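Spelled out, the chains give:
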Amino acid sequence: MPLQATVGSRTFEIVLGATPTVDGKPIAADIAELAPGVYSVLLDGRSYRAVVTPGTDGGPAQVALDGRPFEVALADERQQLLKRFGGGAGARKTGADLKAPMPGLVVRLAVAEGDRVEAGQPILILEAMKMENDLKAPASGIVRKIHVTERQAVEKGTLLVSLATE
């Protein structure tokens, strides 16, 4: 599955490989990292300097291309699947309940009832479409009830874990 890059209101489909493409059109690109976060980009015969600062909490990256700033949001295969099935951080939360963002198989539980968890801490691994997805605590608190077991198949929206928040 290709990457999706969103710059402003435009979304591009990027396929990396022997012949990289953008929106289905082959491009001639060569990228070399000069220093951490600093790249030399040769694109269709033109040279650019790119400085990339990763986004925080899944937000867009800040990219300065020859000094011109851009916000770039990238979505890999996992993120695209979560979006397609209505997932993502906001869709998993209902109060302090963790619900399945998509149909899948509970591979592993990372907590037990009574455990204290912090917001963003991995709670369980859900396998969907041959990909393992870490589902994280929607809030800090104590695991009140685990509603599923390992190797259990679940549907989108199934209540997985209930937390008592502090």
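Here the structure is a predicted model, which is why all the values come from computation and not from measurement. (Residues numbered from 1 in each chain as written. Predicted model: local features only at pLDDT ≥ 70, side-chain atom pairs only at ≥ 80, totals over all residues. Heavy atoms only, no water.)

**Brief notes about the overall build of the protein**
Step number 1: Counting secondary structure elements, the protein contains two helices and 18 strands.
Step number 2: When burial is assessed residue by residue, the protein has 30% of its 166 residues classed as buried.
Step number 3: Contacts spanning at least 24 positions in sequence make up 44% of the contacts within the protein whose residues lie at least 6 apart.
Step number 4: Element-wise, carbon and sulfur atoms account for 53% of the exposed surface of the protein, whose accessible area totals about 10,100 Å². (Helix = DSSP H or I, 4+ residues; strand = E, 2+ residues; numbered from the N terminus. Buried < 20%, exposed > 50% of the residue type's maximum accessible area, 1.4 Å probe, protein only. Contact = heavy atoms within 4.5 Å. Areas by Shrake-Rupley, 256 points an atom, 1.4 Å probe, with all protein chains shown as cover.)

**Topic: the sheet that holds strand 1 (residues 3-7)**
Step number 1: Pairing in this open sheet of nine strands is antiparallel, and the strands run 4-3-2-1-9-8-7-6-5 from one edge to the other. Both edges of this open sheet fall to strand 4 (25-26) and strand 5 (29-35), since each of them pairs with a single strand only.
Step number 2: Bridge count between strand 1 and strand 2 (residues 10-15): five bridges; the pairing is antiparallel. Paired with A5 across the bridge in strand 2 is F12. (Pairing = 2+ DSSP bridges.)

**As for the environment of T165**
Step number 1: Here T165 lies in strand 18 (residues 159-165).
Step number 2: Classification of T165 as partly exposed rests on a relative accessible area of 48%.
Step number 3: For T165 and A139, which are 26 residues apart along the polypeptide, the C-alpha to C-alpha distance reads 6.9 Å.

**Focus: unusual backbone geometry**
Step number 1: A positive phi angle is found at D44, which is not glycine, with a value near 50°.
Step number 2: With respect to the helices, strands and loops of the structure, D44 is situated in the loop between strand 6 (38-43) and strand 7 (46-53).
Step number 3: Phi is positive for M129, close to 50°, though the residue is something other than glycine.
Step number 4: Here M129 lies in the loop between strand 14 (122-128) and strand 15 (131-136).

**Notes on the sheet that holds strand 17 (residues 153-154)**
Step number 1: As summarised here, the arrangement of the four strands in space is 15-14-12-17, forming an open sheet in which the pairing is antiparallel. If you trace the sheet from one side to the other, it starts and ends with strand 15 and strand 17, each paired once.

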